[in-house]
Structure formats: C-alpha cells, structure tokens
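Listed here are the chains, written in short residue letters.
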Amino acid sequence: MSDLSQKPVADLSEDEARAELKRLAGAIAAADIAYHQHDAPEITDAEYDELRLRNIEIEARFPGLVRIDSPSMAVGAAPAEGFAKVRHGVPMLSLTNAFSDEDVTDFVARARKFFMADILRDADFHLAFTAEPKIDGLSASLRYENGILVRGATRGDGAVGEDITENLKTIADIPHRLKGEDVPAVIEIRGEVYMTHAEFQRLKDHSARFGGQDYVNPRNTAAGSLRQKDPKITASRKLKFFAYAWGIAEDADGNAQPPAATQREVVEKFSAWGFATNPLMIRTESADDLLAHYRTIESQRATLGYDIDGVVYKLDRLDLQQRWGFVARAPRWAIAHKFPAEQATTLLTGIDIQVGRTGALTPVARLAPVTVGGVVVENATLHNEDYIKGIGNSGEPIRNGVDLRIGDTVIVQRAGDVIPQIVDVVLDKRPSSAEPFVFPHICPACGSEAVRELNEKTGKLDSIRRCTGELICPAQGIENLKHFVSRNALDIEGLGDKQVSQFYAEGRIARPADIFTLRARDERAIKKLKDADGFGAVSVKKLFDAIDARREPELDRFIFALGIRHVGETTGALLAKEFGTIEAFRDTAFAAAHHEDGHSVFPEIGGIGETVRSSIMAFFANDRNVQALDDLLAEVKPKPYVVTISADSVVAGKTVVFTGALEKMTRSEAKAMAERLGAKVAGSVSSQTDILVAGPGAGSKLKKAEELGVEVISEDEWFERVGR
Ligand code: IVH
C-alpha cells in the first residue's frame, strides 16, 4: 500500500504493522536527534506526539512485534552530563526544624531573651517575626548585575552549586531584567523552584499516554526538569518560582546594600522588581499568632495547588538578624515549623498477593484512590501476613494489635518519598460483614503450597510465606530467568529483562535449559523468531550466537545463576572453589538433601553458614529443581574450577590485594580468578603483599602500599599480566 502511514491501526495486517513500527522507530529516533542533539526540531510537537501515539497503538495491537529499539522502551531524556560549578557569593543556608508548638514558643522566647536589654531599655522596641509557607521544591540562587540576570545556580552543598542559568531562564516567574530604579548593582535573589500539582498531573497523563517515564512526585520531577542538559525540556515543564531570600547585595562600589530594613519589606521589593512572592506571608509579634497562622496554612495545604512541608518563621528586622547571628550552617533568627507526615482516610478495597523471584508472597493493599500530599495513592505495601494481623516484625503489636480487613476505612500516610503505609484502621467504620483476611497458603501464581519456614537460629517462624513451586512457578520462573541471564550471572548479550518477559509470555522459554535449545527449536519451527517478533534475521542470529557463546560458563557464575536462595556471587565462588566441578557440587548437594542428616554429608566450607547450607539442600530436595538443573547440564558445560599453581602463571604464589572500583570484574570474580592462577588474595595491605590492584577511588590501601613500596597496578595491567 502506498500510504501505509495513514492506514488506521485497526486495519493493519501483521506485515504492515511490522513495517510501520520500523518506520516509526526510525522517524522518532531522527526527530529525537534533531530536537535534543542539534537543537533543530524538524517536526512540530503535535506531529511528534502523533508518531509516538501511533507506535504505542500498533504495539498494543501486536505485542509480539515490539522492536528491540522500540521508542516506547526509551525512558525520557538522558540526564545531564554535568554543569559548571558556581561558588555562591554568600553561602546558601539551611534551617533549624521545629516539630511542635513548644519548639516555636521556645524560639520566640530565645529571641526575647537575646534582645532583653533592648526590650527593657526601649518601650518602642518591637520584636516582630514573619511567617510564610515552606515550599517543597528546590532552592536556587539568581545573580543579577545591574538588574540583568547573569547566572542562576542550584544550592549544591550550600557553598558551591551548579550553573543552570539557561534552565532557570525558561521559568516565567524569573525575570531576565529587574524592574525599578532601586536595584542593587549586584544581588543574588534566592527562592524555591517548584512544580504545581496541575502541571505534575499533566506530565503524568502525557507520560501514561505516550509511554514515558514514571513521575514520582512534583518535587523530584521539578528537580529532574531543572537538571536537563537541554533547556527546551525544562521550558516544556512549566516550573514556577517564589523569591524569599537573598545572598550578596552590593552597591556599585562593592559595599553591602540590603534591599530594605526588614524581611517583609525585602520580599515586597522582590515583588516590585518582578518576582512572584508567596501571598501567605504575615508579620506579627506574638507566638500565638505564628501558631495560628501555621494552622491556617495547614488547613489550606491540600488546596494550595503546590506542595509545602511547613511554615518558616523569621525575625523581621535585618539589623537584629545580624546581631542574633548563626549556628553552624543555619541562622539563629529563623526556624522551619514542619508539618507532620501527610495522612488521608480511604477505603481498603482489596489485598493482592504478589510473588517475587524467591517465592516470597507479598501482600499489597488496593485502596480507593486518595490524594496524600499531592500524590494520588492507590496501593500501599502490607509487608507480610503478620502485618495484616497487627503484629510487628519482632512480635510486638502494631496499630494497637488491630488487624486489617477488606472493606475497612484506613488511614494512609506518606512521608517524603517513601512508599505509602497504612498507619491505622478506623474501627468505628468497620462494616459488620468484614471478615478477617485469610492469607493464602497456596501460591496464587502456580498453586503450589506456600509455607512459612522455621528459622533455625531464632526458632521462630519466618515472617515471609514462600511458594515452594520454585522452577514451576511462573512468577518465580520469569524472575529466575531474568536472574539467570543477568550481568553477574550468565550475562547473555541481547537477552535482557524485556526479551525474557516476551519469550516467557510467548511460551518460547520457561526454564533456563530452554534458552539453550532456542536455536534448535527455532530451526524446526514454522513460525520463526525472525518473522514472528519483529527481531529481524540479523538480531536473531546475533542473539543465538550470544547464547552459544555462553555454553561453557565459569563455574562460580553458573552456580550463582541457578538462583538458589542465599547463594550470592561470593558464595557461588566459594562453592565453585570447594567442589571444582558442577557434577561434584550437584552430586554432593543432592546426596546431602536426601540424607537424614544432610549437614553431616555436606562439607564445612569457610564463609558458608547454616542458612546457606540449608537453603542449598532445600533446593536439591526439590525434584523439579534437580530435573531443571540436569536438563540445563545437557546443554551447558560449566568450566571446571581449577586451582592451578601453574608454573607459567606469573602471579602464582604471590599475595594480591584488590582495592577501589573494579570495572571489568566483580570483587568475587577477581578473587576467584587470582586464586585460580595460584595467587593468594588478602583483604588488607601488609609487608607480605606483592601486588595491589587498584581501581578508581582507591584510598587507604593504596596509600599504605605506596608507603610499603608494594607494586601497584591497574585493573587493565592485571589483565595484561595474567594474559586474559
Ligand atoms: S529561608 C537563611 N524561606 O528550605 C534562610 N527557605 O530547610 C534561607 N525553603 O534550603 C532559607 N521555603 O530550599 C526559606 N519560605 C522559605 C522557604 C525556604 C522553602 C527551603 C529552602 C532551604 C530549605 C531550608
């Protein structure tokens, strides 16, 4: 068809859809490059959005055709590579926090005490304070020279921030030139960059439609938007700014020139110069008024349209601020009265059980959607079955021991970025029909029994209930496969989480062995991978070759890849070293698992404790696991782990220490490799050390080696030396 690009998605044949996805991937990539890298968009935003939408619609109709380079898999723009550093003329301070009314009355009392002599001497002496919302955004400092914005920076560590001038210039509330005659020759205006709830929601909706990234909350999104390398992206985010403080303020001769005499007048000046300032600021002399204003602001919190996390009180007169001074990195003359964590009341509509890689059954609360601190909350973690019953981790009652039931009215809390929690149940509102929740003893993913194991050390039941289905459980199966091919395990190029999920869903692979029979099965198949999945012949061949290239994996990686609970990389290496071959490991573990006193059969291995040994035996006690391993071993031949004190190894007999970040191998791999070559690996540098392999960030060990005259080489030099 000549104009395929206009054909409705519903009418596309599979071949046409494949061709369209290919065209769209190319067109979107080209548009991205034109926009982000060359600063020269070639199509309008609306046209671009249309391309993305069409891509998503076609993928939704033909999930099997999703391309490896699909635009829907790309997550937002790359983060900024780095901005120039800027030293603030005056450091950007933080604030001392107050959490109770008493902390606030204490603050006012401290001020009265400090200025008592003035109060007693002068009947006209007034100690006034301002109170204004504490905006939950990011502070920025804007330097104006002769009224012109010359630089804008992040707070950074308070002394040195990053130059984000071009990004800040895109914010409509930030004037490029100050209005009025009375602007100091140099002034740093400080304030908060933030994102409104409306803008945050708009971005989220857009992202849901076009398959973009997941935005967590307005503050993080504002932060991400400000740190974009491309100011056009910042501009598209519609950030806002409130001015509330200042750093340097000087006249043309370099003398200090505060904009006014009091905090409130300065902020009024900011407004006259063209800044947005917060309308909720008051000035008062009484602690009671400060607290009353705190309650007023708190009551308006949900309807303000942006996130605030407290109220800031500041001494009003600048000369008195100067006299009262600073502690460490905060002024004495100001305090932030924080709001308690935000809570909301909603309905617990259901409890779902999710199954993880290790078979852990995790309950998740489904809630009637409710806004908590500007974020819509629909789920909350319930941790485990005891938590639902009202029992904490160490057996103590939580929520006064009240259990959670579907249909309950619950109080949900969100503090900062943490996952929402259910903090309480409104028992008065519990429907009479609400039944205690029965935690399943059967895995919802595979129907196998789910059990709580006895912790041998504590003698208590494990708080987590686990599915015993292991390799037959689809929930565990898919996560296990992802683990099997992951970077520190078999590391199969081109076979990542996405492909594993897709192949699993299509029934192409279910167990690790299937990965290695994929090529042979595909050769016999009528519906071939290269046709069916939009992979193309070249990428399919590449994938099959990458799989074949891993048919003789290192033994330690292979053992780690099996996904036996508690067997991490280090344990994998210890087991490989102990047993030498996969057969020896398999046969011993199998024998131990089927012996009435398994611990007497399984050898004691330094660095491997009871829990790991029990876990290995539990794995081998399950016939399905053994079958899956044996099937895998029909395809894969892990290399025997040989400790060769070979004469030709240049590091044989040497004592080696690894330090700093290693880039080409993990620490346990490095250790295993050195030991294979007959070296002894030590944890610290001493006069016995022959070689220190130092990666970036090496610290005290490097220093010590230099002092002792120990030979220091890089990771690359190490590889050169051992000839790998
Ligand atoms: S005044 C010397 N006022 O809170 C005092 N800070 O915890 C300078 N903030 O880094 C700060 N709203 O990012 C001040 N109305 C407000 C504020 C505010 C938010 C932030 C600011 C600062 C942090 C200190």
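Above this text you will find the structure in question.
Residues numbered from 1 in each chain as written. Predicted model: local features only at pLDDT ≥ 70, side-chain atom pairs only at ≥ 80, totals over all residues. Heavy atoms only, no water.

### Quick look at the site of the ligand
As a matter of local geometry, the ligand sits amid 15 residues, with Glu132, Ile135, Glu192, Tyr244 and Lys314 nearest to it. One nitrogen or oxygen atom from the side chain of Ser139 is found 3.3 Å from an oxygen atom belonging to the ligand. Here Tyr244 contributes a side-chain N or O atom positioned 3.3 Å from a nitrogen atom of the ligand. With the chains in place, 87% of the 530 Å² that the ligand exposes on its own is no longer accessible. Residue assignment for the shell around the ligand shows that the elements contributing at least two residues are β3 (129-135) and β10 (308-315). Top element by residues in the shell around the ligand is β3. It accounts for 4 residues. Residue composition of the shell around the ligand, by class: 8 nonpolar, 2 polar and 5 charged. (Near = heavy atom within 4 Å. Polar contact = N/O pair within 3.5 Å; in protein donor to acceptor, adjacent residues only side chain to side chain. Areas by Shrake-Rupley, 256 points an atom, 1.4 Å probe, with all protein chains shown as cover. Helix = DSSP H or I, 4+ residues; strand = E, 2+ residues; numbered from the N terminus. Nonpolar A, V, L, I, M, F, W, Y, C, P; charged D, E, K, R; others polar.)

### Quick word on the sheet that holds strand β8 (residues 240-250)
The pairing of strands in a sheet comes from backbone hydrogen bonds and takes either a parallel or an antiparallel form. Spatially, 4 strands are ordered β5-β4-β7-β8 in an open sheet, and the strand pairing comes out antiparallel. Where the open sheet ends on each side, the last strands, each with one partner, are β5 (148-154) and β8. Each strand axis lies, on average, 25° off the axis of its neighbour in the sheet, ignoring direction. Pairing of strand β4 (residues 138-145) with β5 involves 6 bridges; the strand directions are antiparallel. Residue pairing across strands places Ser141 opposite Ala153, the latter belonging to β5. Strand contacts of helix α9 (residues 263-273): β7 (186-194) and β8, with the helix running at about 110° to β8, the strand carrying the most contacts. (Pairing = 2+ DSSP bridges. Axes fitted to C-alpha atoms, helices over the stretch in contact; angles between N-to-C directions. Contact = heavy atoms within 4.5 Å.)

### A look at the pairing of β7
Counting buried positions over the 9 residues of β7 gives 9, a clear majority of the element. In this structure, β7 lies alongside β8, joined through 8 bridges in antiparallel fashion. Bridge pairing in β8 links Arg190 to Ala245. (Buried < 20%, exposed > 50% of the residue type's maximum accessible area, 1.4 Å probe, protein only.)

Worth remembering: the numbers are spatial, not functional.
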